[in-house]
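Listed here are the chains, written in short residue letters.
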There are 2 protein chains.
Amino acid sequence: MVSMSNLTSTSDKILQCARSLVIAGGYNGFSYADIAEVVGIRKASIHHHFPSKVDLVRTLLEQYREEAKTGIAALERYHADPVDQLRAYTSYWAECIGDPTSAFCVCALLASQIPVLPPEIVLEVRAHFRMLSAWLTSVLDKGATQGGFVLAGTARSEAEGFVAGVHGAMLSARAYGDDKVFKVVTDSLIEKLVSNRS
Amino acid sequence: MVSMSNLTSTSDKILQCARSLVIAGGYNGFSYADIAEVVGIRKASIHHHFPSKVDLVRTLLEQYREEAKTGIAALERYHADPVDQLRAYTSYWAECIGDPTSAFCVCALLASQIPVLPPEIVLEVRAHFRMLSAWLTSVLDKGATQGGFVLAGTARSEAEGFVAGVHGAMLSARAYGDDKVFKVVTDSLIEKLVSNRS
DNA sequence: CCATATCTACCTTCTAGTAGAATACTTGTC
DNA sequence: GACAAGTATTCTACTAGAAGGTAGATATGG
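Calculation notes
- Along each chain, residues carry numbers from 1 onward, in the same order as the chain's sequence is written.
- To label them, take the chains in the order written and letter them from A, then take the ligands in the order written and number them from 1.
- In keeping with the model being predicted, local features are shown solely for residues with a pLDDT of at least 70 and side-chain atom pairs are shown and tallied solely at 80 or more, while totals for entire chains, interfaces and linings include all residues.
- Note that water and hydrogens are dropped before the side-chain values are worked out from all heavy atoms of the structure.
- Here, proximity means that at least one heavy atom of the residue falls within 4 Å of the molecule or strand.
- N or O atoms closer than or at 3.5 Å make up a polar contact, with two conditions inside protein: a donor-capable atom paired with an acceptor-capable one, and, for residues adjacent in sequence, both atoms drawn from side chains.
- Secondary structure elements follow DSSP: runs of H or I of four or more residues count as helices, runs of E of two or more count as strands, with numbering from the N terminus.
- The fit set for superposing copies consists of C-alpha atoms from residues with pLDDT of at least 70 in both; the fit itself is least squares.
- Only heavy atoms enter the contact rule, under which two residues are in contact if any of them lie within 4.5 Å.
- Two aromatic rings, drawn from Phe, Tyr or Trp (for Trp, its six-membered ring), form a pair once their centres lie within 6.5 Å of each other, and the interplanar angle then sorts them: stacked below 30 degrees, edge-to-face above 60, tilted otherwise.
- For each residue, the accessible area found with a 1.4 Å probe, counting protein chains only, is set against the maximum for its type, and the residue is called buried under 20%, exposed over 50%, and partly exposed in between.
- Expected span, for any helix, means 1.5 Å times one less than how many residues it has.

### Thoughts on the protein's contact with DNA strand C
Now for step 1: Close to DNA strand C lie 17 residues, the nearest being Thr10(A), Arg42(A), Ser45(A), His49(A) and Lys53(B).
Now for step 2: Within 4 Å of the protein, atoms of DNA strand C come from sugar and phosphate in 62% of cases.
Now for step 3: For DNA strand C, a phosphate oxygen lies 2.5 Å from a polar atom in the side chain of His49(A).
Now for step 4: One of the side-chain nitrogen or oxygen atoms of Lys43(B) is found 3.3 Å away from a base nitrogen of DNA strand C.
Now for step 5: Sorting the residues of the surface near DNA strand C by element identifies α3 (43-49) of chain A together with α3 (43-49) of chain B as the ones contributing at least two each.

### A few points about the protein's contact with DNA strand D
Now for step 1: Taken together, 16 residues are adjacent to DNA strand D, and Ser31(A), Lys53(A), Thr10(B), Ser45(B) and His49(B) come closest.
Now for step 2: The protein-proximal atoms of DNA strand D, defined as those within 4 Å of the protein, are 55% sugar or phosphate.
Now for step 3: Taking His47(A), its side chain carries an N or O atom lying 3.4 Å from a base nitrogen of DNA strand D.
Now for step 4: Those elements giving two or more residues to the surface near DNA strand D turn out to be α2 (32-39) and α3 of chain A together with α3 of chain B.

### Let's talk about the relation of the copies chain A and chain B
Now for step 1: Each copy superposes on the other: chain A lies on chain B with an RMSD of 0.0 Å after a rotation of 180° and an axial shift of 0.0 Å. Such a turn and shift between the copies fits a two-fold axis.
Now for step 2: Looking at the interface residues of chain A, 100% of them are also at the interface in chain B, so both copies use one shared face.

### Let's talk about the packing of aromatic side chains
All names here are of chain A.
Now for step 1: Taken as a whole and judged by the stated rule, the model has six aromatic pairs over all chains.
Now for step 2: Between Tyr92 and Trp93, the aromatic rings sit 5.3 Å apart at their centres with planes inclined by 70°, giving edge-to-face as the arrangement.
Now for step 3: Given the relative accessible area of 47%, Tyr92 is considered partly exposed.

### Considerations on helix α9 (residues 180-194) of chain A
Now for step 1: If you check α9(A), its first and last C-alpha atoms are 21 Å apart, about what 15 residues at 1.5 Å a residue would give, namely 21 Å.
Now for step 2: Among all positions in α9(A), only Val181(A), Phe182(A), Val185(A), Thr186(A), Ser188(A), Leu189(A), Ile190(A), Lys192(A), Leu193(A) and Val194(A) are buried.
Now for step 3: On its buried side, α9(A) packs onto α5 (82-97), α7 (119-146) and α8 (155-176) of chain A together with α8 (155-176) and α9 (180-194) of chain B.

Here you go:
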C-alpha cells in the first residue's frame, strides 16, 4: 500500500486513461475494456483498484478537482493582478485545447450528461462549478475594487458569464474542429471586462 | 407510405423520443430498448423505421436543424430589430430550459462528444454550429450598421462569443440544476452588446 | 508468511441488429 | 361493394458481441 513501486502506479495510469476517455466522450463513452487495452492489463485488475465504474470516475473527479484547486492557487501566487489571473486561466485552457487528452474540462463535459449520471458523480461536477464561479467572483470583485474591471452586473453574474463563455468556447472549438475559436472567444471575454472602463 | 394514419406517426414518435433521450445524455446515453419502452413498441419495429442508430440520429438531426432554420426565419419575420431578434432567441431557450425534454440544444450536447461520434453525425453537428454563427454574425452586423450595437470585435467573433455564451449557459443551468442562471447569463450577454454604445 | 496485485475464467445483462412470420392497410379489378 | 394482390408495419425469436462485475487461482514483494 505504501510502496506505489513505479513513479506512476497502475491505479494512476488507470485514472489518467479514464480521464482522457471521459474527456473524449463522457461517462457512457468508454468501458473498462477500453482502459484495459490502453493500460495493458485485464479488466479484472481495474476492478481490483476501482470496484465499480462509479468508484473510478468519482476518484478521478476528486483528483481532478484537487488539481484544479492547486492550479488556481498557484496561478494566484504568480499573478497578483486580477486581469493577469483571468488571462493565465484562459491561456492554460488554450494550451489544453490542442491536446485531445485534455481538450475539455472533465466537469464541464460531464455536466452536459447530468440527467444520466449517477448521483455521486453529479455532486462532484456541481461542486466544481461552484468552486470555479466562487473563485471567478472573487477575482472580478477584487478587479472591480482595484479599478482593473468595470462590471456591467454583479461580480457573481459576471463570473457566471465568464464560466459559461469559457465552457461554450471549448464546445465551439470541438464542434468546428478548430482550436483558434477558443482563444478568439476567451480573449474577447476578458477584453470586454477590461475595455469597458468608465 | 402516403397515409401516415395518425397525426403523429410512429416514426415521428420514435424521433421525438430519441431527441429527448439525446438531450438527456447524448449518443451513448440511450438504447433502442429505451425508445421501445417509451413509445410502446418492440425494438425490431424501430429498426424497421431506422435500420441503424446512426440512421436514427442523423434523421433526428436533419429534422432538428430544419426546425431551427424555420424557427430563426419566423423570428426574423416577427422581429425587425436585431436586438429584439437576439432577445427572442434567448427567450426561446429560456423557456426550453425548464422542460427536461428540450432543455439543451441537441447539437451543442452532441458537440461535446464529437471524438466518439460517427462521422455522419459530426457533419450535422458542425453544420448546425456554422448555420448558427452565420445567422448571429448577420444579426450583429445589421445591428452594428443600424446603431443598435457597438461591437468590440468583428461581427463574426462577437457572434462566436454569443454562441459560446448561450451554450455555456445551458451547461451551467444543468450543472447547478438551476434554470435561472441561464437567463442571468444570456441577459447580460445581450446587455453587453447594447449598453456598450459609443 | 502475509498483503497487494494480477491473472484466467466466468456470469448476467444490455447492445445493436437480423430473419421471418403475422398483421394491417392500400389499391386495382371486377 | 367484394376480393385479391401487394405493400407497410409490427411482431416473436434470435444472434453475436460488449457491458459491468465476480470468484478464485497465481504471482510478487516485504
